[in-house]
Amino acid sequence: MEYLTISQVSRKYGVTPRMLRYYEKLGLIKAGRREDYAYRIYDEEAVRRLQQILIFRKLRLSLKEIAVLLGDTKQGESLRLVQDKLAELDDEIASLTLIRRLLKQLARRLDQCRKQQIHFELLEDGELAEITGALAFPKTSIKENVSMEELNRAGEILDKTLSVRILRLPPCTVAAYHYIGENPEETVGDVVTRFVQESGLYEKKPDARMFGFNHPNPGVLENGGHGYEDWVTIPEDMEVKAPMEKRKFSGGLYAVMTIPFPEFQLWENLTRWVNESQDFEPAYSQLGEENMGGCLEEHLNWVYAAHNGWKEDGIPGQIDLMLPVKLREK
């Protein structure tokens, strides 16, 4: 039986080690151990289940839904689940069809106005009056039964893409902890949680934030391991004891995208957005893969949740991916 290391699986299938461990935590896959190797290994059955998970994710199924599909031996619940997803998809298709039709009408009217050298005004255009049908314009003649409410709903259904914003992080003082080894994110998180609780950080700095990043990235070390580092912002005059270290962070400009945990593969989407941006370009750290090129992962509300001792950091599913950028040279 062939076994793959966590790094081999990560590279082969484009899944971060953190996501693999999260899949394990949910019971979706199981990892094994080998006496002559310190890290997780995956047998053929685990890899096969991972392949199924990745296919299901491409079909826009949530991890909870995937757990049902993988565990439903009688398949009745699975069938109902897939039928519900089909109904959702039908709504999206209907919404796209509506918006496409309205855009085609808009393009036709703009072309007519351009040829006639007249100014186009949406609210005065009889052919497109359907768009404003739900507004208080009693003299409007509605040619088709499409209301603003329907258009709003179509937009809500389709507006599921993750938007990118530009954010300036100011210089600040941080308490940092770094660990290389098995389960680095969890190990670092436990240490920083204790620091937050024992130092009373939240009372001293209610706006404290937590940032993390791979250090080093998976694939850098020959033994297949990797590390992680966490920073929490602290008051400048706050004392920090070992194993935490007090550091200065210079801040910077970042392209930021919020993701649901643990969809870290969406780093690719953020990277593509920056690379294709007309206004910004990447400003990666010279350390490169050693520290994710200066990229950060901010776990939102983390300090508040750690302060309260909430399980799983209290508020799951809220992470900002932060890629350093600068203005693109014209």
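Residues numbered from 1 in each chain as written. Predicted model: local features only at pLDDT ≥ 70, side-chain atom pairs only at ≥ 80, totals over all residues. Heavy atoms only, no water.

Colleague: Which residues make up helix 1 (residues 6-13), and what values do they have?
Modeller: For helix 1, the complete set of buried residues consists of Ile 6, Ser 7, Val 9 and Ser 10. Projected onto a plane normal to the axis of helix 1, the buried residues spread over an arc of 165° and lie on a single side. The exposed set on the far side of helix 1, more than 90 degrees from its buried face, consists of Arg 11 and Lys 12. Note on helix 1: the residue one or two positions beyond its end, Gly 14, has a positive phi of about 65°. (Buried < 20%, exposed > 50% of the residue type's maximum accessible area, 1.4 Å probe, protein only. Helix = DSSP H or I, 4+ residues; strand = E, 2+ residues; numbered from the N terminus. Arc of directions from axis to C-beta.)

Colleague: Explain unusual backbone geometry to me, using residue names and the numbers behind them.
Modeller: Excluding glycine, a negative phi dihedral is what most residues carry, and trans is how most peptide bonds are arranged. Residue Pro 216 follows His 215 across a cis peptide bond; omega there is 0°. Considering the arrangement of structural elements, one finds Pro 216 in the loop between strand 6 (210-214) and strand 7 (227-234). Following Phe 261, the chain continues into Pro 262 via a peptide bond in cis, with omega recorded as 5°.

Colleague: Which residues make up the packing of aromatic side chains, and what values do they have?
Modeller: For the coordinates displayed, the defined rule picks out six aromatic pairs. Note on Phe 213 and Trp 231: the rings are 5.1 Å apart at their centroids and 75° apart in plane angle, and the pair reads as edge-to-face. Placement of Phe 213 in strand 6 and of Trp 231 in strand 7 is noted, with a sequence separation of 18 residues between them. Across the pair, Trp 231 and Phe 213 agree in class, each one buried. Taking 5.1 Å as the distance between ring centres and 50° as the angle between the ring planes, the aromatic pair formed by Trp 231 and Phe 249 counts as tilted. Taken as a pair, Trp 231 in strand 7 and Phe 249 in strand 8 (residues 245-249) lie far apart in primary sequence, 18 residues in all. For Trp 231, a relative accessible area of 12% corresponds to the buried category. Take Phe 249: its relative accessible area is 10%, and that puts it in the buried class. (Phe/Tyr/Trp six-rings, centres within 6.5 Å; stacked < 30°, edge-to-face > 60°.)

Colleague: How would you summarise the pattern of salt bridges if you had to cite specific residues and measurements?
Modeller: Using the criterion set out here, one finds 16 salt bridges in the structure. In this structure, Glu 229 engages Arg 247 in a salt bridge whose closest nitrogen and oxygen atoms are separated by 2.4 Å. Taken together, the positions of Glu 229 in strand 7 and Arg 247 in strand 8 put the pair 18 residues apart, joining distant regions of the chain. Looking at Glu 229, the relative accessible area reads 1%, which means it is buried. Note on Arg 247: relative accessible area 30%, which makes it partly exposed. Here the residues in one salt-bridge network are Arg 21, Glu 185 and Glu 186, joined through shared partners. (Salt bridge = Lys/Arg side-chain N within 4 Å of Asp/Glu carboxyl O.)

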